[in-house]
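Below, each chain spelled out in residue letters.
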Amino acid sequence: MDSQLINPKSVKPLFYVIWGLIAISIYSCSSRADYNVICGFLILLLRSYDANDKRKYFSKLSLHILLLACIFDIIWLIKFANFWSHGEETSELWRSLSFIHNSTYYLGIVEFFLKIPLIMYCYNLFKSFGGVTGELFSLKYKNTY
């Protein structure tokens, strides 16, 4: 079947990283709206189309999705680092949420670092399909690959 969600010929560690990203993102949703769940499933969906003739197109799209998600992660980590404090000066209700907030914040850092091997894999995949690094700077998605 050409359009399976998980391609049996694919590298297994890659899928463990993607599913790990999705699982961490689902836990993070208990404290923040986490778009990484959607990004993870989009990457799996794009990987399922790896058996057709648009491999270079899908690897470029996957790479752009991951880079955009990394930018959002950096913004989120910088923005909320100042707001999620749970010291004695905060209310008792806010302190009671300290475990979930702190774990979500640290898992956001883990999510960011999980994306690095995924980005490297997508970049190597793009290069293996004959892609040139200069093409990655273009946001034009044509089916002329």
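It should be noted that the structure appears before, not after, this text.
The paragraphs below set out a description of the structure included in this document. (Residues numbered from 1 in each chain as written. Predicted model: local features only at pLDDT ≥ 70, side-chain atom pairs only at ≥ 80, totals over all residues. Heavy atoms only, no water.)

**Regarding the overall build of the protein**
Across its full length, the protein carries five helices and zero strands. Listed N to C, the secondary structure of the protein is α-α-α-α-α in terms of helices and strands. Considering the protein as a whole, with its 145 residues, one finds that 39% of them fall into the buried category. The long-range fraction of contacts in the protein, counting pairs at least 24 apart against all pairs at least 6 apart in sequence, stands at 70%. For the protein, the accessible surface area stands at approximately 8,600 Å², while carbon and sulfur atoms represent 68% of it. (Helix = DSSP H or I, 4+ residues; strand = E, 2+ residues; numbered from the N terminus. Buried < 20%, exposed > 50% of the residue type's maximum accessible area, 1.4 Å probe, protein only. Contact = heavy atoms within 4.5 Å. Areas by Shrake-Rupley, 256 points an atom, 1.4 Å probe, with all protein chains shown as cover.)

**As for the packing of aromatic side chains**
Scanning the entire structure with this criterion turns up five aromatic pairs. Both rings, one in Trp19 and one in Phe41, keep their centres 5.7 Å apart while their planes meet at 80°; by these two values the pair is edge-to-face. Linking Trp19 in helix H1 (residues 12-28) with Phe41 in helix H2 (residues 36-48), this pair joins segments that are 22 residues apart in sequence. What makes Trp19 partly exposed here is its relative accessible area of 32%. Residue classification places Phe41 among the partly exposed residues on the basis of a relative accessible area of 36%. Residues Tyr57 and Phe58 carry aromatic rings whose centres are separated by 5.1 Å and whose planes lie at 65° to one another, so their mutual orientation is edge-to-face. Taking relative accessible area as the criterion, Phe58 reaches 13% and is therefore assigned buried. An aromatic cluster is present here, built from Trp76, Tyr105 and Tyr106 joined pairwise through their rings. (Phe/Tyr/Trp six-rings, centres within 6.5 Å; stacked < 30°, edge-to-face > 60°.)

**A look at the side chain of Lys60**
Secondary-structure assignment places Lys60 in helix H3 (residues 55-81). No salt bridge is formed by the buried Lys60. Its closest oppositely charged neighbour is Glu135, at 5.6 Å. Polar side-chain contacts of Lys60 include one of 3.1 Å to the backbone oxygen of Glu135. (Lys, Arg positive; Asp, Glu negative; His and termini not counted. Salt bridge = Lys/Arg side-chain N within 4 Å of Asp/Glu carboxyl O. Polar contact = N/O pair within 3.5 Å; in protein donor to acceptor, adjacent residues only side chain to side chain.)

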